[in-house]
Every structure is written in structure tokens, then in C-alpha cells.
Amino acid sequence: MTLGTGAYFAAGDAIDLRPILIVTGLVQEARIAAGPGMTVICSSSSPTQLRSLLTVMDPETIRGVISFGVAGGLDPSLRSGDVVVATEVLAGDARWAAGLALGDDLIEKVTSGRRRVVRGSLAGAEEVVTGRSCKAALHSETGAAAVDMESHIAAAYAAEAGLPFAAIRVISDPAHRALPALARAAIKPNGKIDVATVLRGVARNPTTLRALVSTGIDFNRALRSLRGCRDYLVGDEGLIPETA
């Protein structure tokens, strides 16, 4: 799935018409990111699908890569809606540095609207990390602030292509909250939520409703925070520095 391609004019004397590639996992994230200067791809929370989408991307047609979306919290101090600007991405023994052109003045702007912004590492995962104990173990092992299923793949692609890379992720399910199995099962291949699956699951097991409601509240808070970060993806103050 690809959304929102378009030209981007760099600040200053240098002009680069190539868009930035925005990598997302859910259609809601892709819709937020889409716009002029962006080529947005959505993996539908499938690492296999994301790798397939990236194989058909010509790195010569883009000027950088940004992983953009929600993430699971690993640092217990982070809450839903908090923003993590990646310093690096970790997956197994691999590490990829992430761009840090997002300066303190811009951090202050992004923080407006009651968003907390931190710099920290992101852990990459091939499957959704759901349980509290699994999150705690991954945090202890990596020291990462959050985990997602796209950033490590996007970072590896950018490194291989010699492109600048950055990642901005908003906490959806905090470290203290387990992600309900029903919520995971309800994601369609196109990244949308299968409402019918959710309703059937609740009908079979009404006790899941409370956890789903809490998860939904966290997710919507994360999306609101993500929208507030959208305007800072590109530009002379953006995550990826200008290239001549």
C-alpha cells in the first residue's frame, strides 16, 4: 500500500525534488503521514510485506527514510501519547543510527499540546510484543524506550541504500499494559481494524471488553499525538537534514 507521493522543495539554495519515504505499519498512520513531499508505504503490520514493498522501491527516487507511527512502550516511565525520537534502532545484534536533526527548539514545539518528547532507542521486532513480562524482558535486554515492527526494516533499507534515516514513534500501549490478543487478531491485511472480528470476540468473551476499551483509548491518544508531529517530518527543521 502506497499513499501520498509528491515533490518536495528543500530550504535554502539546494533543491531536491525527491520525496522522503515514510514507513508505517497501520493505515491510520499512513493517512496521517501522507502529503506533498512524502511517499508513504504501509506494511499492514507485516514485516514480510514491508520487506516486499521495499524491494520495489528505487532508492534513487527518494532522499531519505523515516519510520513513523505508534509503538509499544518498553520504558515504564512512558505513557500513551509520549513521543520517542529515535537515537538508534536495535534488532538482535544489529544497530542502526537514526538522524537527530530534530533540535531542542523543535522538541519544544512538538511538546506543545501536552506531548512529552524523549530521545531514545527503538527495538525492532518481527512479531507484536504483547505481554507486560515480555516488554520488561526486552527493555532489560536492550534498554530501548519502545518497540515496533517497522523501524528496524526501514533502517536496514536506508543503510543499504546509503540514505539518511530517522524514526519518530508515539507510545500506544505502555509498558504496564498487555495488548489483548483480540486487538491483534482484528488487524486486516490492509492495516484497517476488522470491527466485525472485535464484536464477535467480545460476544464470545465479554470480559475482554474492558481491556479493549483501555487499548482503544491509548491508541486514539497516540494517533492524536502522532498528528501533532506530522508537520515536523520534513523541512529545514525536520528529522532528516537537508542534503545538497
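None of these values were measured; they are calculated from a predicted model.

**A closer look at the nonpolar core**
Next up, step 1: In terms of nonpolar packing, the biggest core is built from 30 residues, with Leu 21, Leu 54, Val 65, Val 84, Tyr 157 and Phe 165 touching the most fellow members.
Next up, step 2: Elements with a minimum of two residues in this core: strand S2 (20-24), helix H2 (47-55), strand S4 (65-73), strand S5 (83-91), strand S7 (117-124), helix H5 (151-161) and strand S9 (165-173).
Next up, step 3: Among all residues touching Leu 54, those that are not within four sequence positions of it are Leu 21, Ile 41, Ile 153 and Tyr 157.
Next up, step 4: In terms of nonpolar packing, the next biggest core, distinct from the first, is built from 23 residues, Ala 30, Val 40, Val 83 and Val 85 among them.

**Some details on the side chain of Ser 172**
Next up, step 1: Residue position: Ser 172 is located in strand S9.
Next up, step 2: With relative accessibility at 8%, the residue Ser 172 sits in the buried group.
Next up, step 3: With residues up to four places along the chain from it excluded, the contact list for Ser 172 reads Val 70, Ala 71, Ser 80, Asp 218, Phe 219 and Ala 222.

**Here we look at the layout of surface pockets**
Next up, step 1: Here the second largest pocket is characterised by a volume of approximately 160 Å³.
Next up, step 2: Lining the second largest pocket are Leu 90, Ala 91, Gly 92, Ala 94, Arg 95, Ala 123, Gly 124, Ala 125, Leu 138, Glu 141 and Thr 142.
Next up, step 3: When residues of the lining of the second largest pocket are traced back to their parent elements, those giving at least two are S5, strand S6 (94-97), S7 and helix H4 (132-142).
Next up, step 4: In the lining of the second largest pocket, the residues fall into six nonpolar, three polar and two charged.

**What about unusual backbone geometry?**
Next up, step 1: Phi is positive for Ser 44, which is not a glycine, with a value near 55°.
Next up, step 2: Relative to the helices and strands, Ser 44 is located in the loop between strand S3 (38-42) and H2.
Next up, step 3: Overall, the relative accessible area of 8% leaves Ser 44 in the buried class.
Next up, step 4: In this structure, Ser 45 takes a positive phi of about 60° despite not being glycine.
Next up, step 5: Along the chain, the position of Ser 45 falls in the loop between S3 and H2.

**Concerning the pattern of salt bridges**
Next up, step 1: Using the criterion set out here, one finds eight salt bridges in the structure.
Next up, step 2: Here Asp 173 and Lys 135 are joined by a salt bridge, their closest N and O atoms 2.6 Å apart. Of this pair, Asp 173 sits in strand S9 while Lys 135 sits in helix H4, placing them 38 residues apart in sequence. With respect to class, Asp 173 is no different from Lys 135; both count as buried.

**Some points on the confidence of the model for the chain**
Next up, step 1: Scored by pLDDT, the chain comes out at a mean of 81, with 71% of its residues at no less than 70.
Next up, step 2: The weakest mean pLDDT in the chain belongs to strand S1 (residues 2-3) at 41; the strongest belongs to strand S8 (residues 146-148) at 97.
Next up, step 3: Low pLDDT, under 50, characterises residues 1-12; the predicted model gives this stretch 44 contacts beyond four residues in sequence or across chains.

**Digging into the environment of Ile 41**
Next up, step 1: Looking at where Ile 41 falls in the secondary structure, it is placed in strand S3.
Next up, step 2: Taking the relative accessible area as the measure of exposure, Ile 41 reaches 1% and is therefore buried.

**Remarks on the packing of H2 against H5**
Next up, step 1: Running from N to C, H2 and H5 cross one another at 25°; their axes reach a closest spacing of 10 Å. Here H5 runs roughly parallel to H2, going by the angle between their axes. In this structure, H2 meets H5 at a crossing whose hand is right-handed. Residues Pro 47, Leu 50, Arg 51 and Leu 54 of H2 touch H5, and the partners they reach there are His 152, Ile 153 and Tyr 157.
Next up, step 2: Within the contact of H2 with H5, the residues separate by chemical class into five nonpolar, one polar and one charged.

**Some details on H2**
Next up, step 1: Along H2, the positions that sit buried rather than exposed are Pro 47, Leu 50, Leu 53 and Leu 54. Down the axis of H2, the buried set is contained in an arc of 120°. They therefore lie on one face. Of the residues in H2, the exposed ones pointing more than 90 degrees away from the buried face are Thr 48 and Thr 55.

**Brief notes about the pairing of S7**
Looking down a regular strand, the side chains alternate between one sheet face and the other.
Next up, step 1: Summarising burial for S7: six of the eight residues are buried, a large majority.
Next up, step 2: The pairing of S5 with S7 spans six bridges and is parallel. Counted as the bridge partner of Val 89 is Leu 122 from S7.
Next up, step 3: One ladder, built from three bridges, connects S7 with S8; its direction is parallel. Its bridge partner lying in S8, Leu 122 is registered against Ala 146.
Next up, step 4: Once you follow S7 into H4 and on to S8, the crossover reads as right-handed.

Parameters at a glance
Residues numbered from 1 in each chain as written. Predicted model: local features only at pLDDT ≥ 70, side-chain atom pairs only at ≥ 80, totals over all residues. Heavy atoms only, no water. Core = buried A, V, L, I, M, F, W, Y, C linked by side-chain atoms within 4.5 Å. Buried < 20%, exposed > 50% of the residue type's maximum accessible area, 1.4 Å probe, protein only. Helix = DSSP H or I, 4+ residues; strand = E, 2+ residues; numbered from the N terminus. Contact = heavy atoms within 4.5 Å. 1 Å grid on protein atoms, 1.4 Å probe; cavity = no way out; pocket = protein on both sides within 12 Å on 5 of 7 lines; lining within 4 Å. Points joined across faces, edges and corners; volume = space filled by probe spheres on them. Nonpolar A, V, L, I, M, F, W, Y, C, P; charged D, E, K, R; others polar. Salt bridge = Lys/Arg side-chain N within 4 Å of Asp/Glu carboxyl O. pLDDT = per-residue confidence, 0-100. Axes fitted to C-alpha atoms, helices over the stretch in contact; angles between N-to-C directions. Parallel < 35°, antiparallel > 145°, perpendicular 65-115°, else oblique. Left-handed = near helix turned anticlockwise from the far one by under 90°. Arc of directions from axis to C-beta. Pairing = 2+ DSSP bridges. Right-handed = clockwise from strand over helix to strand, strands pointing away.

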